[in-house]
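In case you want the letters, here they are:
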Amino acid sequence: CLMAVPGKAAAFHLPPLPTIGEIIKLFRLKAQKQLSQNFLLDLRLTEKIVRQAGELKNAHVCEVGPGPGGITRSILSAGVEQLLLIEKDPRFIPGLQMLSEAAPGKVRIVHGDIMTYKMEKAFPKHLKKNWEDEPPDIHIIGNLPFSVSTPLIIKWLENVSKKDGPFIYGRTQMTLTFQKEVAERLTANPGGKQRSRLSIMSQHLCTVENRFVIPGQAFVPKPEVDVAVVHFTPLVQPKIEQPFELVEKVVQSVFQFRRKYCFRGLETLFPESGRLKRTEQLMMTANVDPTLRPFQLSMSQFRSLCNTYRKMCDEDPSLFVYNYREELKQKKTTRNLLKSTCHPEQTEEENQL
């Protein structure tokens, strides 16, 4: 971790620096396909991304995966008070150190993985705000590698729900890039073909806005898809007031059989014995039409399903720990054992094969 002393300059301009293209050549940086890296070299686009975050003058910003530092330059030019850079790939650290030296006192570089980095102590304590107040002067910005974008946003949504991680400071705003298709899922309305688990999990906790689309050819190397910039602001009051794990379990179950009636997915919340009766009880109490498809359900219907399922779990605590996939696995194991006792020769032959 390379620390810098906080600076107090009111206006800030970066001194002349090599272009991003020159930095890439200088440090022989090459985007790694296995890390789904794509560089954005056009500073007009990096500035447009940074503008989506809002007013950044004197703000504290965390940039995730800065890479060669294109967006980093635009963040610094916006006049931030402090910029925390979290970069997993050691090849990019020297280029980022060059930027840090050009902006003395403003940049802190952490060589680490955002999936495991503890954000609770990333910013000064005096920036903390109550959840009901306006968002704190803290922003998370990042051109995320495609491979981590979905697991990372799910992790941060859980942090929003629990008001921990980067949200221990209040309703910290996020401006992040996703594959266009993922961005469409994040913002999809009921009935839309992209409506999914991601739509419910993000929209019940945040205001989610798809700000603009960057064509794939703007990146180096060019990805096969376009990229969208999405802005998140946590809601004061979540739309479903239940624990994150419960909401996720219900939503995952509903979307397990996306093309079938929602009744079919909700069945997987219950053990085989009494499954039909309990699913009917859930649907009737929640007042949800069992013949609706998962993508047709509104947020209020998901709320009703989660609230009803919570009451059922309170009455029977074994329900919440029940796992449909585990039950399937056990049934398969039992079937295989029965087969091996009935046809031992065949099993030995199969094992040899």
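How each quantity is defined
- Residues numbered from 1 in each chain as written.
- Predicted model: local features only at pLDDT ≥ 70, side-chain atom pairs only at ≥ 80, totals over all residues.
- Heavy atoms only, no water.
- UniProt positions renumbered as here; feature names shortened; annotations may be inferred.
- Helix = DSSP H or I, 4+ residues; strand = E, 2+ residues; numbered from the N terminus.
- Buried < 20%, exposed > 50% of the residue type's maximum accessible area, 1.4 Å probe, protein only.
- Contact = heavy atoms within 4.5 Å.
- Polar contact = N/O pair within 3.5 Å; in protein donor to acceptor, adjacent residues only side chain to side chain.
- Expected span 1.5 Å × (residues − 1).
- Core = buried A, V, L, I, M, F, W, Y, C linked by side-chain atoms within 4.5 Å.
- Phe/Tyr/Trp six-rings, centres within 6.5 Å; stacked < 30°, edge-to-face > 60°.
- Lys NZ or Arg CZ within 6 Å of the ring centre and 35° of its normal.
- Pairing = 2+ DSSP bridges.
- Axes fitted to C-alpha atoms, helices over the stretch in contact; angles between N-to-C directions.
- Salt bridge = Lys/Arg side-chain N within 4 Å of Asp/Glu carboxyl O.

If you look the protein chain up in an unreviewed UniProt entry, it shows as rRNA adenine N(6)-methyltransferase from Baryphthengus martii. In the Subcellular location (unreviewed entry) part of its UniProt record, the protein chain is described as follows: "Mitochondrion".

> Break down the UniProt feature "binding site: S-adenosyl-L-methionine" (unreviewed entry) in the protein chain for me, citing the residues and quoting the values.
As annotated by UniProt and renumbered to match this structure, "binding site: S-adenosyl-L-methionine" (unreviewed entry) occupies Asn38, Leu40, Gly65, Glu87, Asp113 and Asn143. Tracing the backbone through its elements, the reader meets Leu40 in strand β1 (residues 39–40). For Leu40, a relative accessible area of 6% gives the class buried. One can find Glu87 in strand β3 (residues 82–87). The class for Glu87 is buried, based on a relative accessible area of 5%. If near-sequence neighbours (up to four positions away) are discounted, Glu87 is found in contact with Gly65, Pro66, Gly67, Phe92, Ile93, Leu96, Val110, His111 and Gly112. Of note is the side chain of Glu87, whose polar atom sits 2.8 Å from the backbone nitrogen of Gly67.

> Describe helix α5 (residues 146–162), listing the residues and the values that go with them.
With 17 residues, α5 should cover 24 Å at 1.5 Å per step; its first-to-last C-alpha distance of 25 Å lies within 8% of that length. Taken together, the buried positions of α5 are occupied by Phe146, Ser149, Leu152, Ile153, Ile154, Trp156, Leu157, Asn159 and Val160. Phi for Lys163, located one or two positions after α5, is positive at around 55°.

> So what's going on with the nonpolar core? Residues and values would help.
Membership of the largest hydrophobic core comes to 65 residues, with the highest contact counts inside it found for Met119, Trp156, Leu176, Phe178, Phe232 and Val250. The element best represented in this core is helix α11 (residues 299–315), accounting for seven residues. In this structure, Leu176 is in contact with Ile140, Ile141, Gly142, Leu144, Ile153, Trp156, Ala228, Val229, Val230 and Phe232, ignoring residues within four places of it in sequence. Ranked by size, the runner-up nonpolar core spans 29 residues in total, among them Phe39, Leu83, Ile93 and Leu96.

> Just give me the short version of α11, but keep the residues and values in it.
Between the first and last C-alpha of α11 there are 25 Å, a value that for 17 residues agrees with the 24 Å anticipated at 1.5 Å per step. The complete set of buried residues in α11 reads Met299, Gln301, Phe302, Leu305, Cys306, Thr308, Tyr309, Met312 and Cys313. Residues of α11 that are buried sit in contact with α7 (197–203), α8 (244–254), α9 (262–266), α10 (275–286) and α12 (318–321).

> Explain the packing of aromatic side chains to me, and be specific about the residues and the numbers.
Scanning all chains against the criterion turns up four aromatic pairs. With a centroid separation of 5.4 Å and an interplanar angle of 85°, the aromatic rings of Phe123 and Tyr169 are classed as edge-to-face. Separated by 46 residues along the polypeptide, Phe123 in the loop between β4 (107–111) and β5 (138–142) and Tyr169 in the loop between α5 and β6 (173–179) bring together distant segments of the chain. Accessibility expressed as a relative area gives 7% for Phe123, which makes it buried. A ring pair is formed by Phe270 and Tyr309, whose centres lie 6.3 Å apart and whose planes are at 70°; its orientation type is edge-to-face. Residue Phe270 is located in the loop between α9 and α10, and its partner Tyr309 is located in helix α11; the two are separated by 39 residues in the primary sequence. Across this residue pair, the class does not change: Phe270 and Tyr309 are buried. One cation-aromatic arrangement involves Arg91 over Phe92; the distance from NZ or CZ to the ring centre is 5.1 Å.

> I'd like a rundown of the sheet that holds β4, residues and numbers included.
If you trace the seven strands from one edge of the open sheet to the other, you get β4-β3-β2-β5-β6-β9-β7, paired in mixed fashion. With partners counted over all chains shown, the strands left at the sheet margins are β4 and β7 (206–214), one partner each. The sheet shows a mean angle of 20° between the axes of neighbouring strands, taken without regard to direction. In the sheet, β6 pairs with strand β9 (residues 227–234) via six bridges, with the strands oriented antiparallel. Residue pairing in the sheet places Met174 in a bridge with Phe232 of β9.

> Could you give an account of the side chain of His139, with specific residues and numbers?
Mapped onto the secondary structure, His139 falls in strand β5. Given a relative accessible area of 3%, His139 falls into the buried group. Residue contacts for His139: discarding those within four places in its chain leaves Ala53, Glu55, Leu56, Ala59, His60, Val61, Cys62, Thr172 and Gln173.

> I'd like a rundown of the pattern of salt bridges, residues and numbers included.
Applying the stated criterion across every chain yields a total of 14 salt bridges. Arg275 is the salt-bridge partner of Glu327, the closest N and O atoms lying 2.8 Å from each other. Taken together, the residues Glu327 in helix α13 (residues 324–342) and Arg275 in helix α10 connect sequence positions 52 residues apart. This pair shows no difference in class: Glu327 is buried, exactly as Arg275 is.

> Just give me the short version of the environment of Phe263, but keep the residues and values in it.
With respect to the element layout, Phe263 can be found in helix α9. When its relative accessible area of 18% is taken as the criterion, Phe263 is described as buried. The spacing of Phe263 and Ser253 is ten residues in sequence and 9.8 Å in space, taken between C-alpha atoms. Not counting the four nearest positions on each side in its chain, Phe263 is found in contact with Leu276, Thr279, Glu280, Met283 and Pro290.

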